Amino acid sequence: MSSYPNLRLRRTRASAWSRALYRETVLTPADLIWPVFVTEGTGVVEDIASLPGVSRGSVDVIAKRAKEAVELGIPCLALFPNTPAGLRDDEGTEAHNPDNLMCRAIRAIKDACGEEIGVLTDVALDPYTSHGQDGLLDEAGYVVNDATVDALVQQAMNQANAGADIVAPSDMMDGRIAAIREGLEETGHANVQLMAYAAKYASAFYGPFRDAVGSGGLLKGDKKTYQMDPANSEEALREVELDLAEGADSVMVKPGLPYLDIVRRVKDTFEVPVFAYQVSGEYAMIEAAAAAGAGDRNALVLETLTAFKRAGASGVLTYHAPLAAKLLG
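Residues numbered from 1 in each chain as written. Predicted model: local features only at pLDDT ≥ 70, side-chain atom pairs only at ≥ 80, totals over all residues. Heavy atoms only, no water.

Novice: A description of helix α2 (residues 59-72) should follow, citing residues and the corresponding values.
Specialist: The first and last C-alpha atoms of α2 sit 20 Å apart over 14 residues, in line with the 20 Å expected at 1.5 Å per residue. Along α2, the residues that are buried comprise Val59, Val61, Ile62, Ala63, Arg65, Ala66, Ala69 and Leu72. Tucked into the core, α2 has its buried residues touching β1 (32-38), β2 (45-47), β3 (55-57), β4 (76-81), α3 (101-113) and α11 (321-328). (Helix = DSSP H or I, 4+ residues; strand = E, 2+ residues; numbered from the N terminus. Expected span 1.5 Å × (residues − 1). Buried < 20%, exposed > 50% of the residue type's maximum accessible area, 1.4 Å probe, protein only. Contact = heavy atoms within 4.5 Å.)

Put into structure tokens, the structure is as follows:
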């Protein structure tokens, strides 16, 4: 290899056109999934204090956001419901209601946009339970695995029947991918995709999300018996391997920036589509930094999203999706 002064690496950085020509990682709106929060009512927009700039929307508002996403080139929305308190119970039975918020939002998006946009749905019971856990509890308060899996299968089939394109189990129960895949095949939903939250960590970055879906104040205890220990990476590879063997079409690492090493290891090891979730706490930190004058919001957003792609992510779930798409457009 040549050396200085014959080799000057700054030569290719000297102008904007050259930097573009030599750029190794390219971020486009097609790399983004926009998570949105659905609430009851008509024409309702509710600000979320811990997520400045993000709001819950009623079903009709979500349909309009889907149209906005299409115009911006964002290929997929991820739906999360803020279930009314009166419809939550210990078993999360509202998750199985074919006319619940999630199912109504799916149908509204499809009515508004048809096949122009994909709909990804969250499969977990925490937006529906009165205790805020992702599954069913035994008498000691432990989240039981197999009975929860049965409930998740029923929930996923309900969403698929409503028109979901991707069902994304975020619960971290053992064996749920195989059970849901079997259910989809048996009910005529062979083309519904499974995106497994394969490496979801018991993180301190989820607080604003729990506020958004109304489970934060309900949660008793923590989720460490089923979500992963942040100290582990070998275990993440085992989780991913199992989910792929059980029929996952793609896998997710969550949270995002603190776990870019996991994204890279998963991509290098399995060479499959891997997505990352830039979670609510990450979003809130960027917003706080921008509000404090500690950094330029637009630059922070694009740099962090580019980091996901550089680490090997096929796409990113981010609340900054509409802003990023406009900047990239």
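Back to the text.
Novice: With reference to specific residues and values, describe the pattern of salt bridges.
Specialist: Under the definition given, this model contains 17 salt bridges. Between Arg104 and Glu40 there is a salt bridge; the shortest N-O distance is 2.8 Å. One end of the pair, Arg104, is in helix α3; the other, Glu40, is in the loop between β1 and β2, with 64 residues separating them in the sequence. Overall, Arg104 belongs to the partly exposed group, its relative accessible area being 25%. We classify Glu40 as partly exposed; its relative accessible area is 30%. Between Arg297 and Glu287 there is a salt bridge, with its nearest N and O atoms 2.9 Å apart. Remark: Glu287 occurs in helix α9 (residues 280-291) and Arg297 occurs in helix α10 (residues 297-311); sequence separation between them is 10 residues. (Salt bridge = Lys/Arg side-chain N within 4 Å of Asp/Glu carboxyl O.)

Novice: Explain the nonpolar core to me, using residue names and the numbers behind them.
Specialist: Judged by nonpolar contacts, the single largest core of 78 residues is most densely connected at Leu79 and Ile180. If we skip the residues at most four places from it in the chain, Leu79 touches Val36, Val38, Ile62, Met102, Ala105, Ile106, Ile109, Val119, Leu120, Thr121 and Asp122. If you look at the next biggest cluster of nonpolar residues, it comprises 24 residues, including Ile33, Phe80, Met195 and Val279. (Core = buried A, V, L, I, M, F, W, Y, C linked by side-chain atoms within 4.5 Å.)

Novice: A description of the side chain of Thr304 should follow, citing residues and the corresponding values.
Specialist: The residue Thr304 is located in helix α10 in this model. Residue class for Thr304 comes out buried when judged on its relative accessible area of 14%. A distance of 3.3 Å separates the side chain of Thr304 from the side chain of Gln278, its partner in a polar contact. Among all residues touching Thr304, those that are not within four sequence positions of it are Leu257, Gln278 and Ile286. (Polar contact = N/O pair within 3.5 Å; in protein donor to acceptor, adjacent residues only side chain to side chain.)

Novice: Can you tell me about the environment of Leu125, naming the residues and giving the values?
Specialist: Inspection of the secondary structure puts Leu125 in the loop between β5 (118-123) and α4 (146-162). Excluding residues that lie within four positions of it along the chain, Leu125 makes contacts with Glu91, Gly92, Ala95, Gln133, Asp134, Gly135, Leu136, Ala151, Leu152 and Gln155.

Novice: Can you lay out the layout of surface pockets for me, pointing to particular residues and giving the numbers?
Specialist: Size it by volume and the largest pocket reaches roughly 250 Å³. In this structure, the largest pocket is lined by 16 residues; those nearest its centre are Trp34, Gly53, Val54, Tyr319 and Pro322. Looking at the lining of the largest pocket, the elements with two or more residues in it are β1, α2, α9 and α11. In terms of residue count, β1 provides more of the lining of the largest pocket than any other element does, 3 residues in total. Of the residues belonging to the lining of the largest pocket, the class tally is 9 nonpolar, 3 polar and 4 charged. Of the voids in this model, the second largest pocket is the one considered here, and its volume is about 170 Å³. Along the wall of the second largest pocket there are 14 residues; nearest its centre are Met172, Asp174, Thr225, Tyr226 and Gln227. In terms of residue class, the lining of the second largest pocket is built from 6 nonpolar, 3 polar and 5 charged. (1 Å grid on protein atoms, 1.4 Å probe; cavity = no way out; pocket = protein on both sides within 12 Å on 5 of 7 lines; lining within 4 Å. Points joined across faces, edges and corners; volume = space filled by probe spheres on them. Nonpolar A, V, L, I, M, F, W, Y, C, P; charged D, E, K, R; others polar.)

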